[in-house]
Amino acid sequence: LRAESSSSHKHHASSFSEASLTESSSSEAAVVNPGGTFKEDFRDECPVTSIPKIGSNPKLPDPFTAFDGSKVTTKAQWKCRREEISALLEEIELGEKPRNPEKVEGSYSGGSLKVTVTDKGKNLSFSVKISGAGTKDAPKPAIIGFSGGSLDYSGLNVATISFNQDNVTPEKPRGSGEFYNMYGSNHSAGSLIAWAWGISRLIDALEKTPEAGIDVHHLAVTGCSRLGKAALVAGAFDARIALVIPQESGSGGASNWRSAAKDSEAQPLSHACQEAAWFRSSLCNYGNRINDLPTDHHYLTGMVAPRALLVLDNTGWVWLGEGSSYANAMSTVEIFKALGAEKDFTYSKAANHMHCSFPAENKDELTAFVKKYLFDDKTQNTGKIEAKGVSYNAADWQDWTTPTLN
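How each quantity is defined
Residues numbered from 1 in each chain as written. Predicted model: local features only at pLDDT ≥ 70, side-chain atom pairs only at ≥ 80, totals over all residues. Heavy atoms only, no water. Helix = DSSP H or I, 4+ residues; strand = E, 2+ residues; numbered from the N terminus. Expected span 1.5 Å × (residues − 1). Buried < 20%, exposed > 50% of the residue type's maximum accessible area, 1.4 Å probe, protein only. Disulfide = S-S within 2.5 Å. Phe/Tyr/Trp six-rings, centres within 6.5 Å; stacked < 30°, edge-to-face > 60°. Pairing = 2+ DSSP bridges. Right-handed = clockwise from strand over helix to strand, strands pointing away. Contact = heavy atoms within 4.5 Å. Salt bridge = Lys/Arg side-chain N within 4 Å of Asp/Glu carboxyl O. Axes fitted to C-alpha atoms, helices over the stretch in contact; angles between N-to-C directions. Parallel < 35°, antiparallel > 145°, perpendicular 65-115°, else oblique. Left-handed = near helix turned anticlockwise from the far one by under 90°. Nonpolar A, V, L, I, M, F, W, Y, C, P; charged D, E, K, R; others polar.

Asker: Any details on helix H5 (residues 226-237)? Residues and values, ideally.
Answerer: A rise of 1.5 Å per residue sets the reference length of H5, with its twelve residues, at 16 Å; its end C-alpha atoms lie 17 Å apart and thus fit the reference within 8%. For H5, a buried count of eleven out of twelve residues is recorded, marking the element as mostly surrounded by other parts of the structure. Taken together, the buried positions of H5 are occupied by Leu227, Gly228, Lys229, Ala230, Ala231, Leu232, Val233, Ala234, Gly235, Ala236 and Phe237.

Below, the structure written as structure tokens:
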């Protein structure tokens, strides 16, 4: 069993020695971004090699043990461990996210931002709709919504950016659309990572287009159902995003595969890997061999730490995997705890409501997260995990302990 090879992963060995890592000079900056620098990721600083293909563990893999067996003991080391995790998720589940395109430009007019990307000798472009923007001199925080998102934005005083993911690539058939015209129809990326690439290029363009009136240092991303998976992947893989809000994302999102496999009503990996071209095609090799996965989705949600993560779930929709999403939350919070960021993560299970409608009981939580992480109002109360009828025994799923990172 081997995942497809990816040229972006052919790097020199990583090291978790203190000599190779530098603590951020600003502790506040480190809370916003794991490297204390406004960057998409830190792969250029943290090269990755020897990516494991098989895990052979019925329990959730240890987020605090590096590929070389060394332990993460400081917050500074999380920066490079996070890059190992992202490389692993690319190799096993998502496919390669192309990095550092040759050129990205933005053109803004009449509430529309056109993003143009040049790479591999080719050009592609897509546009997004921006509502409620500020000005060049007084930019506003913004929430990027896949297909507009499914949140209630009333009273939040944020700009909204509607991202049509199909303008980058449709979710099927595999290998079609603008992304694959640029990188090749056989590129390893599934649509989730291709869409995440599109969000990153959107942020690049916003940085270069201040006349759009968007404060790029205070961005959130959201989506629901399959687009909840997309929002989580986009937020996990771009450290410039301050707040990540996946809604009802189910298996392949904020639920973990191993717990879903124990739940006869939750969507299993063997189904999710074929429903659409969300993942790299080789993920289906693990469909009946879940324990062979060297990763799981506490790794994906954990990549957001120590930034802000608000996971919104829906009680009663068994296909979404209530137990597996709660199990994933209980293991994810351990990563946030280790980084001293427990209050930056909330897992909320709202009462039964229509799929992808926004329940009123979530509005206070949404408002608190927006005020705290997009408007820097540190008085807001955040940080909880709701069980609502499901249980979790850590000993069943974790054979690792949570360190207190210095």
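That was the structure; now back to the text.
Asker: Before we move on, can you summarise the state of the cysteines with the specific residues and values?
Answerer: Applying the stated criterion across every chain yields a total of three disulfides. Disulfide partner of cysteine 46: cysteine 80, at an S-S distance of 2.0 Å. Every disulfide takes its handedness from the sign of the S-S torsion; for cysteine 46 and cysteine 80 that torsion is -65°, giving left-handed. In this pair, cysteine 46 is assigned in the loop between helix H1 (27-32) and helix H2 (75-94) and cysteine 80 in helix H2, connecting sequence segments 34 residues apart. Residue cysteine 273 pairs covalently with cysteine 284 via a disulfide, S to S 2.1 Å. In this structure the cystine formed by cysteine 273 and cysteine 284 twists about its S-S bond by roughly 115°; its chirality is therefore right-handed. Taken together, the residues span a long stretch of sequence, with cysteine 273 in helix H7 (residues 269-275) and cysteine 284 in the loop between H7 and helix H8 (297-302) at a distance of eleven residues. The buried category is assigned to cysteine 273, whose relative accessible area is 5%. Taking the relative accessible area as the measure of exposure, cysteine 284 reaches 30% and is therefore partly exposed.

Asker: Before we move on, could you go through the packing of aromatic side chains and cite the residues and values that matter?
Answerer: Under the counting rule described, the total for this entry stands at 14 aromatic pairs. Ring centres of tyrosine 326 and tyrosine 347 lie 6.4 Å apart, and the angle between their planes is 45°; this geometry places the pair in the tilted category. Residue tyrosine 326 is found in helix H9 (residues 322-338), and its partner tyrosine 347 is found in strand E9 (residues 345-350); the two are separated by 21 residues along the sequence. When its relative accessible area of 9% is taken as the criterion, tyrosine 326 is described as buried. Residue classification places tyrosine 347 among the buried positions, given a relative accessible area of 0%.

Asker: Got a sec to walk through the pairing of strand E8 (residues 308-314)? Specific residues and values, please.
Answerer: Of all seven residues in E8, seven are buried, a share of seventy percent or more. Of the two faces of E8, the one lined by Ala308, Leu310, Leu312 and Asn314 and the one lined by Leu309, Val311 and Asp313 are each fully buried. By the bridge criterion, six bridges tie E8 to E9 in an arrangement that is parallel. Of the residues in E9, the one forming a bridge with asparagine 314 is alanine 350. Where the polypeptide runs from E8 across H9 and back to E9, its parallel neighbour, the crossover connection is right-handed.

Asker: Before we move on, can you summarise the side chain of serine 86 with the specific residues and values?
Answerer: Counting through the fold element by element, serine 86 comes out in helix H2. Here serine 86 falls in the buried class, since its relative accessible area comes to 1%. Each residue touching serine 86, except ones within four places of it in the same chain, is listed here: Arg43, Arg99, Phe237 and Met303.

Asker: Go over the pattern of salt bridges with me, naming the residues and quoting the values.
Answerer: In the structure shown here, the tally under the stated rule is 28 salt bridges. The partner of arginine 201 in a salt bridge is aspartate 204, with the nearest N and O atoms 2.8 Å apart. Note that arginine 201 and aspartate 204 are positioned in helix H4 (residues 191-208) at a spacing of three residues, about one turn of the helix. The two residues arginine 201 and aspartate 204 agree in class, both being buried.

Asker: So, the packing of H4 against H5: which residues are in play, and what are the values?
Answerer: Taken N-terminus to C-terminus, the directions of H4 and H5 make an angle of 55°; their axes are 8 Å apart at the nearest point. In terms of axis orientation, H4 runs oblique to H5. The crossing of H4 and H5 is right-handed. Judged by residue contacts, Leu192, Ile193, Trp195, Ala196 and Ile199 of H4 engage Arg226, Leu227, Lys229, Ala230, Val233, Ala234 and Phe237 from H5. Taken together, the residues of the contact of H4 with H5 sort by class into ten nonpolar, no polar and two charged.

Asker: Mind laying out the sheet that holds strand E7 (residues 243-247), listing which residues take part and the relevant values?
Answerer: Overall, mixed pairing links the nine strands, which are arranged E1-E2-E3-E5-E4-E6-E7-E8-E9 in an open sheet. If you trace the sheet from one side to the other, it starts and ends with strand E1 (103-109) and E9, each paired once. Pairs of neighbouring strands in the sheet enclose a mean axial angle of 20°, with direction left out of account. Where strand E6 (residues 214-224) lies against E7, five bridges are found, and the strand directions are parallel. The residue of E7 that forms the bridge with alanine 220 is leucine 243. The strands touched by H5 within the sheet are strand E4 (140-146), E6, E7 and E8, with E6 carrying the most contacts at an inclination of about 145°.

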